[in-house]
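Each chain, written out:
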Protein chains: 2
Amino acid sequence: MASEVESKLKSLSINPTVVSHGACQNLVQWREQLDQSDSKPDFDNKLLKTMVFKPKAPKSEPVTVIVLLALEDSVTPTPQITKAAAVKEARVAIPEVVQSILSTSVTDVSPFAIVKENASSVKLVLDKAIIDYKGKLAVHPNDSSKTVFIDASSLQEYLLSTEVEVIEVDFTSDVNAPSTSAAAVGKAEAKKATHPPVSANIEGAALIGITVKKEGDFPGWYQQVLTKGDMLDYYDVSGCYILKPWSYGIWEQIQRWFDAKIKGIGVENCYFPMFVSSKVLEREKDHIEGFAPEVAWVTKAGSSDLDEPIAIRPTSETVMYPYYAKWIRSHRDLPLRLNQWNSVVRWEFKHPQPFLRTREFLWQEGHTAHLTFEDANKEVLQILDFYAGVYEELLAVPVVKGRKTEKEKFAGGLFTTTCEGYIPTTGRGIQGATSHCLGQNFSKMFGITVEDPSAKEGEEKEKLFVWQNSWGLSTRVIGVMVMVHGDQKGLVLPPRVAGHQVVIVPCGITNKTSEAKKESLYNDINNIAQELSAAGIRVKADLREGYSPGYKFNDWELKGVPLRLEYGPQDADKQQVFTARRDTGAKAAIPLKGLADSVNKLLDSIQADLYKKAKTSFDENIETVTSWDQVVPALNQKKLIMMPFCLEEACEDDIKDRSKRTDGDEVEDAKAPSMGAKSLCRPFDQPPGLVPGQTKCLACGKDAKEFCLFGRSY
Amino acid sequence: MASEVESKLKSLSINPTVVSHGACQNLVQWREQLDQSDSKPDFDNKLLKTMVFKPKAPKSEPVTVIVLLALEDSVTPTPQITKAAAVKEARVAIPEVVQSILSTSVTDVSPFAIVKENASSVKLVLDKAIIDYKGKLAVHPNDSSKTVFIDASSLQEYLLSTEVEVIEVDFTSDVNAPSTSAAAVGKAEAKKATHPPVSANIEGAALIGITVKKEGDFPGWYQQVLTKGDMLDYYDVSGCYILKPWSYGIWEQIQRWFDAKIKGIGVENCYFPMFVSSKVLEREKDHIEGFAPEVAWVTKAGSSDLDEPIAIRPTSETVMYPYYAKWIRSHRDLPLRLNQWNSVVRWEFKHPQPFLRTREFLWQEGHTAHLTFEDANKEVLQILDFYAGVYEELLAVPVVKGRKTEKEKFAGGLFTTTCEGYIPTTGRGIQGATSHCLGQNFSKMFGITVEDPSAKEGEEKEKLFVWQNSWGLSTRVIGVMVMVHGDQKGLVLPPRVAGHQVVIVPCGITNKTSEAKKESLYNDINNIAQELSAAGIRVKADLREGYSPGYKFNDWELKGVPLRLEYGPQDADKQQVFTARRDTGAKAAIPLKGLADSVNKLLDSIQADLYKKAKTSFDENIETVTSWDQVVPALNQKKLIMMPFCLEEACEDDIKDRSKRTDGDEVEDAKAPSMGAKSLCRPFDQPPGLVPGQTKCLACGKDAKEFCLFGRSY
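So, how was this worked out
Residues numbered from 1 in each chain as written. Chains lettered and ligands numbered in written order. Predicted model: local features only at pLDDT ≥ 70, side-chain atom pairs only at ≥ 80, totals over all residues. Heavy atoms only, no water. Helix = DSSP H or I, 4+ residues; strand = E, 2+ residues; numbered from the N terminus. Contact = heavy atoms within 4.5 Å. Areas by Shrake-Rupley, 256 points an atom, 1.4 Å probe, with all protein chains shown as cover. Lys, Arg positive; Asp, Glu negative; His and termini not counted. Charge placed at Lys NZ, Arg CZ, Asp CG, Glu CD. Least-squares fit on C-alpha atoms with pLDDT ≥ 70 in both. Phe/Tyr/Trp six-rings, centres within 6.5 Å; stacked < 30°, edge-to-face > 60°. Lys NZ or Arg CZ within 6 Å of the ring centre and 35° of its normal. UniProt positions renumbered as here; feature names shortened; annotations may be inferred. Pairing = 2+ DSSP bridges. Axes fitted to C-alpha atoms, helices over the stretch in contact; angles between N-to-C directions. Buried < 20%, exposed > 50% of the residue type's maximum accessible area, 1.4 Å probe, protein only. Buried area = accessible area lost by both parts, 1.4 Å probe. Salt bridge = Lys/Arg side-chain N within 4 Å of Asp/Glu carboxyl O. Polar contact = N/O pair within 3.5 Å; in protein donor to acceptor, adjacent residues only side chain to side chain. Core = buried A, V, L, I, M, F, W, Y, C linked by side-chain atoms within 4.5 Å. Parallel < 35°, antiparallel > 145°, perpendicular 65-115°, else oblique. Left-handed = near helix turned anticlockwise from the far one by under 90°.

Moving on, we come to the overall build of chain A. Scanning chain A from terminus to terminus reveals 22 helices and 31 strands. Taken along the three principal axes of its C-alpha coordinates, chain A extends 105 × 65 × 65 Å. Contacts spanning at least 24 positions in sequence make up 70% of the contacts within chain A whose residues lie at least 6 apart. When the accessible area of chain A is evaluated, it comes to approximately 29,300 Å², of which 49% is carbon and sulfur surface. For chain A, the separation between the mean place of its 86 positive charges and that of its 96 negative charges on side chains is 3 Å.

As a further point, take the relation of the copies chain B and chain A. Rotating chain B by 180° and moving it 0.0 Å along the rotation axis overlays it on chain A with an RMSD of 0.1 Å. The symmetry that links the two subunits is that of a two-fold axis. Considering only C-alpha atoms, the part of chain B nearest the rotation axis is B:Val298, at 2.1 Å. A share of 100% of the interface residues of chain B reappears at the interface of chain A, consistent with the copies meeting face to face through the same patch.

Our next topic: the packing of aromatic side chains. Given two aromatic rings, one states the distance between the centres and the angle between the planes to describe the pair. This model, assessed by the stated rule, comprises 51 aromatic pairs over all chains. With a centroid separation of 6.3 Å and 85° between ring planes, the pair formed by B:Phe258 and B:Phe386 is classed as edge-to-face. Separated by 128 residues along the polypeptide, B:Phe258 in helix α10 (residues 245-264) and B:Phe386 in helix α14 (residues 373-394) bring together distant segments of the chain. An aromatic cluster is present here, built from A:Tyr235, B:Phe272, B:Tyr321, B:Tyr323, B:Tyr324, B:Trp327, B:Phe442 and B:Phe446 joined pairwise through their rings. Above the ring of A:Trp246, the side-chain terminus of A:Lys559 is found at 4.6 Å from the ring centroid. A cation over an aromatic ring shows up here: A:Arg564 above the ring of A:Phe553, its NZ or CZ 3.8 Å from the ring centre.

Per the UniProt entry, the sites bearing "domain: Aminoacyl-transfer RNA synthetases class-II family profile" (unreviewed entry) are residues 254-494 of chain A in this numbering. Secondary structure across residues 254-494 of chain A divides into 29% helix and 33% strand, with the first and last C-alpha atoms of the span separated by 12 Å.

Right, let's talk about the sheet that holds strand β13 (residues 296-301) of chain A for a bit. With antiparallel pairing, the 6 strands of this open sheet are ordered in space as β12(A)-β14(A)-β13(A)-β13(B)-β14(B)-β12(B). Looking at the sheet topology across the chains shown, the edges are occupied by β12 (275-277) of chain A together with β12 (275-277) of chain B. Between one strand and the next, the sheet's axes are offset by a mean angle of 45°, whatever the strand orientation. Of the pairings in the sheet, the one linking β13(A) to strand β13 (residues 296-301) of chain B comprises 5 bridges and is antiparallel in character. The residue bridging A:Trp297 from the neighbouring strand is B:Lys300, located in β13(B).

This part takes up the pairing of strand β22 (residues 467-474) of chain B. Two faces, one strand: in a regular strand the side chains alternate between the faces of the sheet. All names here are of chain B. Counting buried residues in β22 gives 8 out of 8 residues, a clear majority hidden from the surface. Where burial is concerned, the two faces of β22 agree: the one with Trp467, Asn469, Trp471 and Leu473 and the one with Gln468, Ser470, Gly472 and Ser474 are both buried. As defined by bridge partners, strand β16 (residues 360-370) adjoins β22 across 8 bridges and the pair is classed as antiparallel. Pairing of His367 across the sheet is with Ser470, part of β22.

It is worth spelling out the interface of chain B and chain A at this point. Contacts between the two partners involve 70 residues from chain B, matched on the other side by 70 residues from chain A. Both sides of the chain B and chain A interface together cover about 5,900 Å² of buried area, and 56% of this is carbon and sulfur. It is B:Tyr271, B:Phe275 and B:Arg332 that lose the most area in chain B upon contact with chain A, and together they represent 12% of the buried surface on that side. There are 6 salt bridges connecting chain B and chain A. B:Glu252 is the partner of A:Lys263 in a salt bridge, and the nearest nitrogen-oxygen pair spans 3.1 Å. The tally of links from chain B across to chain A stands at 32 residue pairs in polar contact (both at pLDDT 80 or more).

On to the nonpolar core. Counting 208 residues, the largest nonpolar core has A:Phe275, A:Ile312, A:Leu395, B:Phe275, B:Ile312 and B:Leu395 as its most contacted members. The residues touching A:Phe275, leaving out its near neighbours within four places in the chain, are A:Val298, A:Ile310, A:Ala311, A:Ile312, B:Tyr235, B:Val237, B:Cys240, B:Ile312, B:Val345, B:Trp347 and B:Glu360.

Taking strand neighbours across the sheet as the criterion, the 11 strands line up as β11-β15-β16-β22-β19-β18-β17-β30-β31-β29-β28 (chain B) in an open arrangement whose pairing is mixed. Of all strands in the sheet, those with a lone pairing partner are β11 (268-269) and β28 (622-624) of chain B, marking the two edges.

A word on the pattern of salt bridges. Residue and element names in this part refer to chain B. This structure, assessed with the given rule, holds 80 salt bridges over all chains. Note that Lys552 and Asp542 form a salt bridge whose closest N and O atoms lie 3.8 Å from each other. Separated by 10 residues along the polypeptide, Lys552 in helix α18 (residues 549-558) and Asp542 in the loop between β24 (539-541) and α18 bring together distant segments of the chain. As far as the burial class goes, Lys552 and Asp542 line up, both buried.

Before going further, it helps to examine unusual backbone geometry. Cis geometry marks the peptide bond from A:Leu334 to A:Pro335, where omega comes out at -10°. Structurally, the position occupied by A:Pro335 is in the loop between α13 (317-327) and β15 (336-345). The phi torsion at B:Phe355 lies on the positive side, around 70°, for a residue other than glycine. As for its placement among the helices and strands, B:Phe355 is situated in the loop between β15 (336-345) and β16. A relative accessible area of 5% means that B:Phe355 is categorised as buried.

On to the packing of α10(B) against α14(B), then. Residues and elements named next belong to chain B. As a packed pair, α10 and α14 sit with axes 11 Å apart at the nearest point and diverge in direction by 150°. Looking at the two axes, α10 sits roughly antiparallel to α14. In this structure, the crossing between α10 and α14 has a hand that is right-handed. Of α14, the residues touching α10 (which contributes Gln253, Ile254, Trp257, Phe258, Lys261 and Ile262) are Ile383, Phe386, Tyr387, Gly389, Val390, Glu393 and Leu394.

As structure tokens, this is what we get:
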């Protein structure tokens, strides 16, 4: 039994210390056994008290139990347990009951006796002191002659994996406080049948869900939100990740929207091979210099060495443009506008991060050729607007549009436009998507020319090099969205991209509910789902058996579903549903009549409010500075900097050096980034106040050309 | 000038012999110069006569010319030229006209003086004898002191690249034959203004388009149809091809249809990395044996060698299933049904063929896990039906559904089901798409288990290995469709997948047409297009300037657009459009009133007729044989064989050996395949007549188990 527990923990990447000792009947014996053991722990630890209760219930009903987990020194009065578990009365369970439900004896029993298969017969009451405890918990691995030491988060991780309903209880608070609350409890109880009170239940669940604080350990939080929110899994090739349906579906939404936009302006999709010969790859010098260190090379097929190594595309400029030279024979072939939805490979050696920096990533890459600069330039900006649309309209993430400095532009291109985002938690800027005007550089390299159509009859027709653009948006957008909106309960998805916009959870079904009543409730829910679906709403009726409403609430909150509808017998009577917004937690009852309209309006509000909130945060964290002295302190406050800038590359290098955080700096938040600040963009929307020839660059004192957005960044 | 011509020819992969000699004013001098030259050709050759005519026209109109290309010994009466060019009168053009339109002198002029930029001012009359001539054509490269020798197909290739309107004329037929036809010509002429007669024009164009016969040189035909039909281009990494928008759009149609089907049964899309570690790849022995010789290995990133080589997925079973083992913890996680739209790499060393066998190809791969064999089996067949639907409903290509023999099944799986197609021109079968039941083989390898949900309370819960399927459909489908439907004029696309289902070409606009009339015609056409588009029809109004209707007809016929609408002043008067079906060539006038309905019906007919035609051909070419003696002769007649079979692998090997064509065999068509026949499938729809225990396998004489479809195949 114990080894089974160990392997189960290992599968959760929990590798606890295990100590063997004599069997023990109770906490006192257990402590003695540990103290006598050779491996007596030399770290802070507390025994985990595990007790099983049986609620009073008619014999005709299936047996359920309440399992209490508490620190050894917590006082855990039974009334507080029964109240938390929402049962009238409960007694310590007899050995037969423990055996039949948890397949273990009363002395061996531990949280590990709860497994997926019995979780639906269990309510788990969790002592809040466990969560706050920083030492190690001593737990029997379903065997009283052994002890494993794990920390509270691992215990929570395990419990989450079992899908047991967890009710967190603060045993330090007095259950029998003011008598007025007794009545209130009664009322709350009645309501709870329909809508389990969110305060305790959900809060506990959230802690069970995401075990680290977003503000405290952002990378840990990000990883948990992605994996527990079912977006992604880690993969055994470093820097590569699995996009699970929940995140891939978001990508599909983005694809659908963006694909329609670009097709609307005449772009067509195509597919070029992922392989590129070294000769072609290395054709444009500046360009390849930027990518060469990250190119993955295929050198073998089967057991044969290839004559020449073949690269996997890091991007497709040099893959595609030899063919543009072939296909474009006359100005009548212009504009040529092709796009690909594909994956590219950049074998970065920097620390990888899901969505943000991965060795293979999905993106679209557009490559277009135009007769004139004006046409090319117009498209560059049109595409940039679409990119901003993906962020602002779909993902509810604000961005600043602008142009990259010479230092930061795309290697080999003429100029780069960009959408820049901001991650408030880390105070770092992030490049959202870029739309490049390549000018005539590539067309000159690859010989992409047409004869001048404006040449007069009989004149020598001049050869014109075409004007080219390339533009790309990757799955990085998903990572930015998660970082901006996610909270302590998990993902928060904007309605426009959420796989399910609405989830309906049946509530208030108890052992006393008749089959007929239940069936009628499920029918209603299916009808509601159908009505919403017919109105174009992506809705999921969560009629899974064997999961409590509380479990379902947590599950969908972790996954960020924008709106939850609860529906129970009382709602049926009142012809209403009870709504809970994921973003604000706001709850309300709304009538069934006109539900699709109300839900659509609510979803629109959620979408708008998410954007508004993120926009406010972004705006508040752009500090327009008037002297260099303000720069580093503002960066240390996790802000971005808007400052008058000379646009010179040497000055930009200098700013990067001078804006690194040094040990002497005052910092409000030790988690604020410390690297030097880069220029993020020259915003199209310039703040007022820059007087040419008068306003100086704050860094070097030369004439400032423009306001430029700087920041520590990804 | 001559060198420019040479480089232009090179860009078309035409590398002619060039001979220099003295300048010459006419054909007699030219032949003398060649005869005197050191490089006097020692092969059959004829001089190409190039003459320029100017049709009579009001001075106010832009100047156009007629260029005649004829063999030196063809008699080419001017009336026949003017008639073909549909002009009233024409004279040999004066030098100034030749210079102004063709930028060359009368003595230097050659077909190479026609380029894209002037092609709209030229009508080219092509002597049919050129096309039939098997020797080399002597042509001036716009310089009378040089001669290049090219064959007729290269000349046609060049002309095609210029997009000039080509009118083919048989100068051996008597233009002044029976006087009755004179009147007929008059009538035809009137009609021609609206609808250029297809007989001569299009036939000539078709030859200019596809220069080899489908029946004569199928590989050459296939290559031309794909490249000239704008589906695909060849790529500089061998075995890889560029999917241009015209073919990628077909793939998008297939994706949309199939994606909706699988989502409808609960499959979700996801994305797994393209890379797989050797350890994981090699986990399932039988499976990897099938793929190992074709796996591409990445061994370097930038300039660093990787610690371990990493494979590019040839398929994703071993990529995905370790995660299935992790994700599937209970029967409640089943079925798990994931699909990917991605590309895979199989570095085959066999001769590559666009769409059919390529080193990287696009496909979808579904991977599902089920609790029971019954569930898995049900899905295998459901998916196979969807695959058959892609072929039969979308691509109008009939297939035979069945099960693969043990010898031909997917390595490592339990059994394979398949859709088998047939290419009448080569008489070869082709595997269309396969849906595999993997059984429990992979789940045992990867440890994908759940506890038996049917175990009774308290019993030991048995571990059940899940049942798995995998299924894939690739861009190969496009190749099959092209091979089945394409004809001598190029592609024939079924309406359901064609990028444009309908193209509208303005006709009957002459130099005499007023701007107002033209504008009103274009307005009408735009309105028609809008009406059709509103009815869900993918329609293109081809209002390109500078291209003749004939050129546009050829262009869209090459590209296989199912239905052409022609609309001219007379149609406007009659409130009708003139329709031309791509598949049958059938033409008719239909009223504008109710056009969308009529067009939709026509498109449905085209779709149905394409299928019917292909189905008839398939059915006629499956020969149910009753003795072994019939097998090889039938195969030699490019048929597939339906025969009672013992299902034994040794016998199948034997059949392959014995069914190779030998030199002594009588063959109707030397192009029939000669390799041994493979079993294609055990059709679900079995012919009658097999009596168990009585009917014998035709190959070995043992008891026959089933009818099996055999054929020489791709």
